[in-house]
Amino acid sequence: RCIARQITRRESAFLRFVSSPMIAVPALVKLLPKVLLAGALLRRSASVAPAAASAALMRPARAGPSDEGSAVQALREALTASGLGDASLWGVPLTGESGAPLLRQFLRARRWCVDDARRMLQGTLRWRRENRVDELSSMSNFGEGMPLDKIIGKAGAGPLVLATLPGRAALADVNRFVRWRIAMQEAAIRTLCLTQSSPAFTLVMDVSGLRRFHLSKEARLCTAELSRVMQAYYPDFLAKTLVVNTPPAFACAWSLLRPLLPPALLVKLQLQKGPPPDAIADACGPSGSPMPS
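Residues numbered from 1 in each chain as written. Predicted model: local features only at pLDDT ≥ 70, side-chain atom pairs only at ≥ 80, totals over all residues. Heavy atoms only, no water.

Participant: Help me get a handle on the overall build of the chain, residues and values and all.
Facilitator: Secondary structure assignment for the chain yields twelve helices and eight strands. Considering the chain as a whole, with its 293 residues, one finds that 44% of them fall into the buried category. Partitioning the contacts of the chain with sequence separation of at least 6, the portion at a separation of at least 24 is 80%. Within the structure as shown, the chain displays about 14400 Å² of accessible surface, and the carbon and sulfur contribution to it stands at 55%. (Helix = DSSP H or I, 4+ residues; strand = E, 2+ residues; numbered from the N terminus. Buried < 20%, exposed > 50% of the residue type's maximum accessible area, 1.4 Å probe, protein only. Contact = heavy atoms within 4.5 Å. Areas by Shrake-Rupley, 256 points an atom, 1.4 Å probe, with all protein chains shown as cover.)

This is the structure in structure tokens:
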């Protein structure tokens, strides 16, 4: 059971990386030895007590499709009782009928626990107010090595957003790095129709500029803080991450990692060996529209 809980914590860490993929891609390479060890431990545990390991890895079912509506209504009532009946987020009134899809996003982020979703929303609103997040602009000058994301098309009902790796200077200041990525996240969210079911965008991550400093201690500190912020204050708006221009070494590491990673991560993360698909190749050049400010 103890080993299974360790694996579950590693799975949660990987899923947090998906929600902040700017540094996640190089971080996966750094975690390769630990993941291999975790997989070996899990296989050993399963061979000794497969039933116990499987039960420990299963997440408790708190709600499902059959009672989504009642969970949304319960969250509305909880927000109203907490004095947030008039609150709005990204221009959407939370307790109105149009706010139901957004409330579902927060409920999914907290595995359909109404009380946890309420606390997450309260914390999100407070954090945004204290850090003046609504005033952040994607066109702000965050400094050297912090390129702007671009909208390069559509994927399903959501936009296709192109992002590139940061430069070395971007990793020197954790707070500045996090504010830059928050601004990019906010710009991507503003392109979504948050009043429709399951709003999400697809991220195209160009890693052609991957360097050794992307695996440094500074990069890991940026990863940790960005993951903490995304986990605490943002529901999941990422439909999928498509990694393009992957170097040969990373493709080799991915082939070893893939069998050990949780299915939820594999659904969200796709690697493109060699050049990107024709539909995306041109966008990885100078073309593409800047994100809205």
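Participant: Explain the nonpolar core to me, using residue names and the numbers behind them.
Facilitator: Counting 62 residues, the largest nonpolar core has Trp-90, Leu-94 and Tyr-234 as the members making the most contacts within it. Among the elements that make up this core, the one with the highest residue count is helix 8 (residues 174–190) (eight residues). Ile-152, Leu-160, Leu-162 and Val-244 belong to the second largest nonpolar core, which has six residues in total. (Core = buried A, V, L, I, M, F, W, Y, C linked by side-chain atoms within 4.5 Å.)

Participant: Now, about the pattern of salt bridges: what can you tell me, with residues and values included?
Facilitator: Throughout the structure, instances matching the rule amount to eleven salt bridges. For Arg-76, the salt bridge identified is with Glu-97, shortest N-O distance 3.8 Å. Of the two residues, Arg-76 is situated in helix 5 (residues 68–81) and Glu-97 in the loop between strand 2 (92–93) and helix 6 (100–109); the sequence distance between them amounts to 21 residues. One salt bridge in this structure joins Arg-119 and Asp-116, with 2.4 Å as the shortest N-O distance. With a gap of three residues between them, Arg-119 and Asp-116 both fall in helix 7 (residues 114–131), about one helical turn apart. Exposure remark for Arg-119: the relative accessible area of 43% places this residue in the partly exposed category. Overall, Asp-116 belongs to the partly exposed group, its relative accessible area being 22%. The network of salt bridges with shared partners includes Asp-115, Asp-116, Arg-118 and Arg-119. (Salt bridge = Lys/Arg side-chain N within 4 Å of Asp/Glu carboxyl O.)

Participant: Would you mind going over the pairing of strand 5 (residues 201–206) in detail, with residue names and values included?
Facilitator: A large share of strand 5 lies buried, amounting to six of its six residues. Taking every second residue as pointing to the same face, both faces of strand 5 are buried, with Phe-201, Leu-203 and Met-205 on one and Thr-202, Val-204 and Asp-206 on the other. In this region the chain leaves strand 4 (residues 158–164), passes through helix 8 and returns to the parallel neighbour strand 5; the handedness of that crossover is right-handed. Relative to strand 6 (residues 238–246), strand 5 runs parallel, the two being bridged by six bridges. Paired with Thr-202 across the bridge in strand 6 is Lys-240. (Right-handed = clockwise from strand over helix to strand, strands pointing away. Pairing = 2+ DSSP bridges.)

Participant: Describe in detail the side chain of Gln-105, supporting the description with residues and values.
Facilitator: If you trace the backbone, Gln-105 turns up in helix 6. Since its relative accessible area comes to 5%, Gln-105 is described here as buried. Not counting residues within four places of it along the chain, the set of residues in contact with Gln-105 comprises Ser-198, Pro-199, Pro-235, Asp-236 and Phe-237.

Participant: How would you summarise the packing of aromatic side chains if you had to cite specific residues and measurements?
Facilitator: We describe a pair of aromatic rings using the distance from one ring centre to the other and the angle between the two ring planes. In the structure shown here, the tally under the stated rule is five aromatic pairs. With centroids separated by 5.5 Å and ring planes inclined at 80 degrees, the aromatic side chains of Trp-90 and Phe-237 adopt a geometry described as edge-to-face. One end of the pair, Trp-90, is in the loop between strand 1 (88–89) and strand 2; the other, Phe-237, is in the loop between helix 9 (217–233) and strand 6, with 147 residues separating them in the sequence. Residues Trp-90 and Phe-237 agree in their burial class; the two are buried. On the numbers, 5.5 Å between centres and 70 degrees between planes, the contact of Phe-177 with Trp-180 is edge-to-face. Separated by three residues within a single helix, Phe-177 and Trp-180 lie in helix 8, roughly one turn from each other. For the pair shown, Phe-177 and Trp-180 are each scored as buried. Each member of the aromatic cluster is reached from another via a ring pair, and the members are Trp-90, Trp-127, Tyr-233, Tyr-234 and Phe-237. (Phe/Tyr/Trp six-rings, centres within 6.5 Å; stacked < 30°, edge-to-face > 60°.)

Participant: Hey, could you go over unusual backbone geometry for me, with residue numbers and the actual values?
Facilitator: In this model, Trp-112 sits at a positive phi of 65 degrees, which is unusual for a non-glycine residue. Looking at where Trp-112 falls in the secondary structure, it is placed in the loop between helix 6 and helix 7. The buried category is assigned to Trp-112, whose relative accessible area is 13%. Although it is not a glycine, Arg-132 adopts a positive phi angle of roughly 50 degrees. Among the structural elements, Arg-132 can be located in the loop between helix 7 and strand 3 (150–155).

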